[in-house]
Amino acid sequence: MPFSGKWHLLSLTACLAAWAVAGDQPVVLLLLLGYGFYLVLGRYYRMLTALVAVSLIIVLDVIYFQSRSTVLSAKQSNFTGKVETSPVFDGDQLTFILRTEPGELVKTYVQLSSLKMKQKLYRSLRPGVICSLSGQLEKPSKASNFHAFDNRIYLADQHIFWQLQAHGPPRFLDTPVSPVDRLRQFRQDQIERIQSMFPPGAAAMMNALIFGEDTGLDPDLESAYQLFGIVHLLVVSGMHITVIFGCLFFAASRIGIVRGYISLLFLMIIPLYVLITGAEPSITRSGLTAGLFFAAGLVRMERLRSTDLISIACMLMIIYDPYVVFDPGFELSFTVTFVILIAAPLIATKYSSSVIRLFVLSIVSELAALPIVVTHFYQLSLIGFFIGIFFVPYITLIILPLSIISYLAGTIFPLFVPFLSFIFEQLIGLPHRGLIYLYQHPVFQLDYGALSPLMTIVAVLIIGSSFLLWERWNTFWTSGLLFFSFLIIYGIIVLADIANPYGTVTFLDVGQGDSILIRLPHRGGNLLIDSGGTIPYPQADWQKKRKPFEVGRDVDLHEMRALGISSLDVVVMTHRDYDHIGGMKGIVGQIPIKKMMTNPYFDPNEADQNLFRKAIRTGTRLLTLKSGQTIEIGGTVFKVLSPSSRSDSNNNSLVIEAVLGGKRWLFTGDMGTEGEKRLLNHYPSVRADILKLGHHGSRTSSSDEFLDKLNPAIAIVSCGKNNRYGHPHPETIKRLNKRHIAILRTDRSGAIRFTFSKTKIVKIETAIK
């Protein structure tokens with residue numbers, strides 16, 4: 001076969017071409033040109049011709065065959081189309097992808113007004129159904145924090161450019177269903193059958209392992225699988241192909257079916273299996289690779305290398321849709337599988353102990369995945385290697401076969417379901433409880449943060465060098481180097497952070513609330529002022545979402561992880577309003593906090609007291625502060641200017657003054673005009689270059705006298721988009737404009753970040769450009 005043993009170079013070429021063109025990355029294009037120049041110098045003209053051909057195919061594919069524009073209009077309100085995906089019911093919200101009559105995909109949201117409506121749609125809504133509905137088209141939201149998930153880019157990579165907020169439930173039309181859609185309906189029917197037969201925990205695990213449906217998994221359990229690097233066990237992939245088709249191949253051989261006929265049969269079954277299991281990138285990769293393997297056997301190309309098979313599968317997927325290179329599942333699936341295929345024979349010859357082999361294989365796969373995993377999750381747990389030694393064979397050899405047996409036996413003999421449920425719960429319950437415990441009580445956890453392009457290159461070079469040294473020399477220290485590569489990369493990141501002369505002040509977009517994260521230069525310390533908080537409303541059980549948005553976990557903690565912040569020196573809770581401290585429940589216990597500070601008039605309720613007790617159990621010191629006291633972190637002094645006496649909750653807010661980057665800052669919580677007068681009486685010489693406006697820009701704060709005295713150059717308004725209070729109020733904006741004070745608002749610009757050095761503000765950025 002042409003290019004035997006070198007197809008991985010062509011698949012890499014396809015990846016680079018897709019990244020360069022679809023992702024508009026000129027640096028990647030330079031890498032591709034550099035490789036082409038190397039081929040010219042080496043006179044590898046055959047490979048050069050293939051490189052040019054593959055690159056040209058990808059470029060033409062992106063330009064002429066991949067849609068990156070919409071044919072729909074925002075004014076359109078009535079739609080007819082086909083339900084393209086299995087509907088997802090999450091509390092009182094229904095989501096699915098609708099292929100409209102022009103052929104464009106639209107992500108559709110339906111607000112469920114009653115349990116009756118939910119049950120009716122649950123029974124009737126299926127993939128392939130034609131329906132009509134009315135609603136309002138909206139552009140998907142951009143990321144409003146610097147490291148937040150960008151829904152607009154994510155959907156655009158799937159060729160989806162609109163979200164439809166439906167005005168009511170879809171109306172179904174009686175039309176024929178295609179064979180492919182019948183397979184999708186069969187998949188959904190079986191998922192729901194398992195959910196109805198087995199307990200929630202067992203049903204969620206079985207659906208994930210058999211049909212690739214993970215929406216029913218416990219959110220903490222799913223996060224634990226991600227943190228410990230074993231999330232691939234919950235994805236239908238090559239493991240399933242190997243176990244299922246390996247057993248079928250053995251059974252068919254034992255009853256005397258000729259190998260060629262088995263290969264033909266599998267070539268027909270594998271595409272059906274890929275569709276039934278959701279056709280995610282990991283199972284598509286496995287299905288393509290397996291199909292190529294059996295096809296090679298039929299045409300007597302048995303000696304085709306496994307690395308060539310997976311490389312050809314990779315290239316085919318990219319040619320079909322170049323934007324798949326931006327899918328984390330695609331990146332992880334091919335990277336880890338390719339490295340394992342190369343490393344597994346070496347591991348088998350280097351180590352005699354099966355336990356050591358499994359441990360080294362776990363390290364190799366985690367090391368290969370590190371740049372991708374850290375890019376998306378920012379952290380890694382070193383105990384994941386040891387957890388993998390148990391979970392990989394346990395899930396593969398026990399839980400997966402048991403899931404299939406339970407599903408089949410329960411379908412044929414429903415009377416066995418209680419017994420099978422009991423067995424399944426006993427076998428999976430304890431390991432999962434242990435996994436969640438370790439996730440909630442993190443140890444040996446490395447917070448890498450979001451890698452810069454330069455640090456990503458350094459990490460890849462270190463990983464590649466350690467693999468080459470380990471491959472060439474069979475010594476103890478080269479084996480240890482694989483493990484210590486994680487620590488070496490982490491150490492370089494920490495040293496770079498210590499050397500970094502810049503700090504940041506970030507006003508996070510937490511909606512209608514406040515949260516300010518201050519990071520001092522040279523890794524000097526971290527301070528969080530308030531956390532925001534999404535006010536909860538009473539809901540019936542059927543309305544509750546599986547993983548509702550929690551601002552402390554999903555915004556504050558996420559941004560801290562992305563910045564590589566592994567602990568907080570001080571958390572300041574300015575006052576007890578929920579929109580300022582409600583998010584703390586998602587932070588306490590998840591990241592070490594040295595000190596937590598409130599005002600003396602905080603008056604905690606029962607929920608606040610429970611939070612304080614949890615903080616104390618995790619090693620946090622609770623302190624109260626009032627006017628005149630100071631907070632010192634890494635040589636930087638934060639002075640408390642208010643409160644000096646008891647007042648209402650807003651005017652009890654802790655007001656903090658600091659000098660950062662040679663500028664005077666004032667953080668005012670929800671302080672109103674009464675508190676402003678008291679502050680000016682106590683500190684008549686107070687000034688501020690940058691002022692965080694009190695109470696989200698309310699007319700009851702930021703008085704004329706206060707603004708005249710402080711004379712700020714920049715005012716920050718932290719408020720929610722289209723909030724029901726009308727913040728910031730027009731009167732406040734008028735007062736600021738009258739004084740020519742620059743205004744930055746989180747509701748319009750998203751998060752606002754000031755980067756400062758010892759003497760000046762270096763840069764001001766906003767998350768939404």
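Residues numbered from 1 in each chain as written. Predicted model: local features only at pLDDT ≥ 70, side-chain atom pairs only at ≥ 80, totals over all residues. Heavy atoms only, no water.

Draft legend 1. Expanded view of helix H7 (residues 200-211). Relative to the 16 Å expected for twelve residues at 1.5 Å per residue, H7 spans 16 Å between its end C-alpha atoms, a close match to the ideal helical length. Summarising burial for H7: ten of the twelve residues are buried, a large majority. Along H7, the residues classified as buried are Ala202, Ala203, Ala204, Met205, Met206, Asn207, Ala208, Leu209, Ile210 and Phe211. At its buried positions, H7 is contacted by helix H6 (179-197), helix H8 (219-227), helix H9 (238-254), helix H10 (259-276), helix H15 (384-412) and helix H16 (417-440). (Helix = DSSP H or I, 4+ residues; strand = E, 2+ residues; numbered from the N terminus. Expected span 1.5 Å × (residues − 1). Buried < 20%, exposed > 50% of the residue type's maximum accessible area, 1.4 Å probe, protein only. Contact = heavy atoms within 4.5 Å.)

Draft legend 2. Region of the structure containing the pairing of strand E14 (residues 593-598). Bridge analysis of strand E13 (residues 568-573) against E14 gives five bridges, and the strand direction is parallel. Each bridged residue has a counterpart across the sheet, and for Val570 the counterpart in E14 is Lys595. The sheet contact formed by E14 and strand E15 (residues 621-624) spans four bridges and is parallel. Pairing of Met596 across the sheet is with Leu622, part of E15. (Pairing = 2+ DSSP bridges.)

Draft legend 3. How the structure looks around unusual backbone geometry. In this model, Ser642 is joined to Pro643 through a cis peptide bond whose omega is 10 degrees. Among the secondary structure elements, Pro643 is positioned in the loop between strand E17 (636-642) and strand E18 (655-660). For the bond running from His727 to Pro728, omega is -10 degrees, close enough to zero to count as cis. Within the fold, Pro728 resides in the loop between strand E21 (714-717) and helix H24 (730-738). In this model, Phe444 sits at a positive phi of 50 degrees, which is unusual for a non-glycine residue. Looking at where Phe444 falls in the secondary structure, it is placed in the loop between H16 and strand E9 (445-447). The exposure class of Phe444 is exposed, given its relative accessible area of 62%. Phi is positive for His522, which is not a glycine, with a value near 55 degrees. In this structure, His522 sits in the loop between strand E11 (516-519) and strand E12 (526-529).

Draft legend 4. How the structure looks around the packing of aromatic side chains. For the structure on display, the rule yields 26 aromatic pairs. Pairing Phe385 with Phe483 gives two aromatic rings, centres 5.7 Å apart and planes at 70 degrees, and the pair type is edge-to-face. Taken together, the positions of Phe385 in helix H15 and Phe483 in helix H18 (residues 476-499) put the pair 98 residues apart, joining distant regions of the chain. Taking 5.7 Å as the distance between ring centres and 85 degrees as the angle between the ring planes, the aromatic pair formed by Phe483 and Phe484 counts as edge-to-face. Overall, the relative accessible area of 47% leaves Phe484 in the partly exposed class. Among the aromatic residues, those joined into a cluster by ring pairs are Phe245, Phe249, Phe266, Tyr273, Phe293 and Phe294. One Lys or Arg, Lys139, reaches over the ring of Trp162 and ends 4.2 Å from the middle of that ring. (Phe/Tyr/Trp six-rings, centres within 6.5 Å; stacked < 30°, edge-to-face > 60°. Lys NZ or Arg CZ within 6 Å of the ring centre and 35° of its normal.)

Draft legend 5. Spatial organisation of the environment of Thr307. In this fold, Thr307 is placed in helix H12 (residues 306-320). Considered as a pair, Thr307 and Leu341 are 34 residues apart in the sequence and their alpha carbons are 6.7 Å apart.

Draft legend 6. Local environment of the pairing of strand E4 (residues 105-111). Of all seven residues in E4, five are buried; the element is thus mostly enclosed. Sheet analysis places strand E3 (residues 93-100) next to E4, joined by seven bridges and oriented antiparallel. The residue bridging Leu98 from the neighbouring strand is Val106, located in E4. Between the end of E3 and the start of E4, which pair antiparallel, lie four residues, with Gly103 showing a positive phi angle near 100 degrees. Two strands pair when backbone bridges link them, and E4 and strand E6 (residues 160-166) are joined in this way by four bridges, in the parallel orientation. Within E6, the residue paired with Tyr109 across the bridge is Gln165.

Draft legend 7. Fine view of the nonpolar core. Counting 42 residues, the largest nonpolar core has Phe198, Met205, Tyr225, Phe228, Ile395 and Leu435 as the members making the most contacts within it. For this core, the secondary-structure elements that each account for two or more residues are H6, H7, H8, H9, H15 and H16. Setting aside its immediate chain neighbours within four residues, Ile395 contacts Met205, Leu209, Tyr225, Leu233, Leu400, Pro401 and Ile428. (Core = buried A, V, L, I, M, F, W, Y, C linked by side-chain atoms within 4.5 Å.)

Draft legend 8. Structural detail: the layout of surface pockets. Approximately 430 Å³ is the volume found for the second largest pocket. If you go around the second largest pocket, you meet 16 residues; those closest to its centre are Ile210, Ile244, Tyr273, Ile404 and Tyr407. For the lining of the second largest pocket, the elements supplying multiple residues, two or more each, are H7, H9, H10 and H15. Element by element, the count of residues in the lining of the second largest pocket is highest for H9, at five residues. (1 Å grid on protein atoms, 1.4 Å probe; cavity = no way out; pocket = protein on both sides within 12 Å on 5 of 7 lines; lining within 4 Å. Points joined across faces, edges and corners; volume = space filled by probe spheres on them.)

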